[in-house]
Amino acid sequence: MTSPEGSHSAQENALPYSVEKIEDLQRPEVGVKSNQLLINGEVLGGYKHVSDVSPQKNNSDLVYFNAVKEGEESSYNTGRIIDINNPEKELVTITASDNRNYRDSKKFFVNGNEWNSLQGKNIYFSGYHVEHDPIGNKTVFRAHKDHAINGSKAAVIVNNREWNTGFSEIQKATSEYGTAYALADGRLVIEDKEWLYPKYSEQQKKDNYSLNWNGLDTISEARIGKNGEVAAALYTTRGEGRDGIGSYIITGDTQGARNEWKHPLQFVKDIAIDEVTGMVAAYGSKFGARNKTEIIINDIPYTVEDAPEKLNYFTFKDGALVIEYTDALGQKVAEKITLNEQSGELQIMKEGKDSEEKALYELRKMLAEQNIPISEIMSRLNTATLLEEQQKNNKNLANNFDTVHSQKATLEIELQKQQALIAEKDARIISLEQDKAKAEDRINTIKASISAADSAMMGGYKISKEVRNNILNT
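Now for a quick tour of the structure. (Residues numbered from 1 in each chain as written. Predicted model: local features only at pLDDT ≥ 70, side-chain atom pairs only at ≥ 80, totals over all residues. Heavy atoms only, no water.)

So, on to the overall build of the protein chain. Of the regular secondary structure elements, the protein chain holds five helices and 32 strands. Out of the 474 residues in the protein chain, the part that is buried amounts to 36%. Surface accessibility of the protein chain: about 28300 Å² in total, with carbon and sulfur atoms responsible for 48%. (Helix = DSSP H or I, 4+ residues; strand = E, 2+ residues; numbered from the N terminus. Buried < 20%, exposed > 50% of the residue type's maximum accessible area, 1.4 Å probe, protein only. Areas by Shrake-Rupley, 256 points an atom, 1.4 Å probe, with all protein chains shown as cover.)

By the element assignment, Gly178 lies in the loop between β16 (170–176) and β17 (179–184). Taking C-alpha positions, Gly178 is 6.6 Å from Lys138, a pair spaced 40 residues apart along the chain. If near-sequence neighbours (up to four positions away) are discounted, Gly178 is found in contact with Asp133, Gly136, Lys138 and Glu191. (Contact = heavy atoms within 4.5 Å.)

With the rule as written, the count across this model stands at twelve salt bridges. In this structure, Arg80 engages Glu90 in a salt bridge whose closest nitrogen and oxygen atoms are separated by 3.1 Å. Note that Arg80 is positioned in strand β7 (residues 79–83) and Glu90 in strand β8 (residues 86–96), a separation of ten residues in sequence. The class of Arg80 is buried, set by a relative accessible area of 0%. Using a relative accessible area of 18% as the deciding quantity, one classes Glu90 as buried. Glu194 is paired through a salt bridge with Arg187; the nearest N and O atoms lie 3.8 Å apart. It is possible to trace a salt-bridge network through shared partners that takes in Lys69, Arg80 and Glu90. (Salt bridge = Lys/Arg side-chain N within 4 Å of Asp/Glu carboxyl O.)

This part covers the packing of aromatic side chains. Taken as a whole and assessed by the stated rule, the structure comprises eight aromatic pairs. On the basis of an interplanar angle of 70 degrees and a centroid distance of 5.2 Å, the ring pair of Tyr17 and Tyr302 is categorised as edge-to-face. Pair noted here: Tyr17 is in strand β1 (residues 17–22) and Tyr302 is in strand β27 (residues 300–303), with a separation of 285 residues, a long-range link. Each ring, one from Phe108 and one from Tyr128, has its centre 6.4 Å from the other, and the planes form 90 degrees; the classification is edge-to-face. Here the residue Phe108 occupies a position in strand β9 (residues 108–110), and Tyr128 occupies one in the loop between β11 (121–122) and β12 (130–133), the gap between them amounting to 20 residues. Here Tyr128 falls in the buried class, since its relative accessible area comes to 5%. Within the aromatic cluster, the residues linked to one another by ring pairs are Phe108, Tyr124 and Tyr128. (Phe/Tyr/Trp six-rings, centres within 6.5 Å; stacked < 30°, edge-to-face > 60°.)

Right, here's the structure in full:
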């Protein structure tokens, strides 16, 4: 029978995850041959002039392509989105009026309905810049404007409504589980509101003067889970110099960040969130070794054995992370990575998360009772973070002041010593000046005595006895 102590020890020593090789995932493959769309090598009938096939960023089972449908009269830039698991039904169809020369007057139609929000905007380059979310029934466009308004050259349009937030350049605009979001200008914007997280202050940037901050402290990737979980890759620095620069995973909800992982990646290529458990996984180049692929699951690192440059498949399935990649021999390798719930490391993390969730629940309950918006609290927390940084700077200044004050006291003591020496020298000078005055007085007495002599005794002069005594005394 195992003792409680032995069981606890085994739990602490248990590996945080288990890895299992699994069979080829047999996922549908999409391609183009002779201007026809192929799914698993078979032609999907009804289309011609197929081009610009690409999987959606929010769901790789959703595929965008340009094509002309058999029997249609209009053939100019018709964009289509289908689910490769049910390719017979088009989820989204985008068409444009035939006026190619005047973009401002061109009309766009989504599933046959005119979207006036797209008029006058550039939404096409090797295919329409569009993503569709069938779960939330949202269609998201990212558009570039020919004429910038208030400095905003790019825009996000969701279900025929343009966001108020303007951008210089948009890297990603999509929707997951009914929540639309965009990555642009190093920011994450969710449902037209900027996602809040603790940022480096201008003072911290000045303190770390050895770094070129262009491109740092920016969000480079993000995903949203089924229950509103948010995971983002923050490209920033932690520490002094360039050794701490990398992509750090921060997690939270749609309002803002709540937690930051300890283990970073050099660069993050993708993020996945489990629909059921809310677990988060990220993969990218290993910190300090760009030629090695590393995966981090709930802040627990796992280095992929064959170090592939990319993963063909990266998602959660049945509570485990499933990945697929092509090895050096060109063979597909599929793995199932399962976290060990009994490992000591995972237990500590779980306890921390439970405590965090409880505190967040109590906070939200209090906010609901007092009718205070979460966004306001997150803004205050962000301000509090900056205040904490300022207090840290003030503490450093106070320590510096104490050092300077101590040095000042030492200098004052040294100054007193120097002043005493100067006073002593001044006294000696006064004494010497008095001695000099006496000597000069005596010399004058000699001169006067000699001048007053009335008879010679030496050198042809006669000197009286009284005068002689004065000279000798002097």
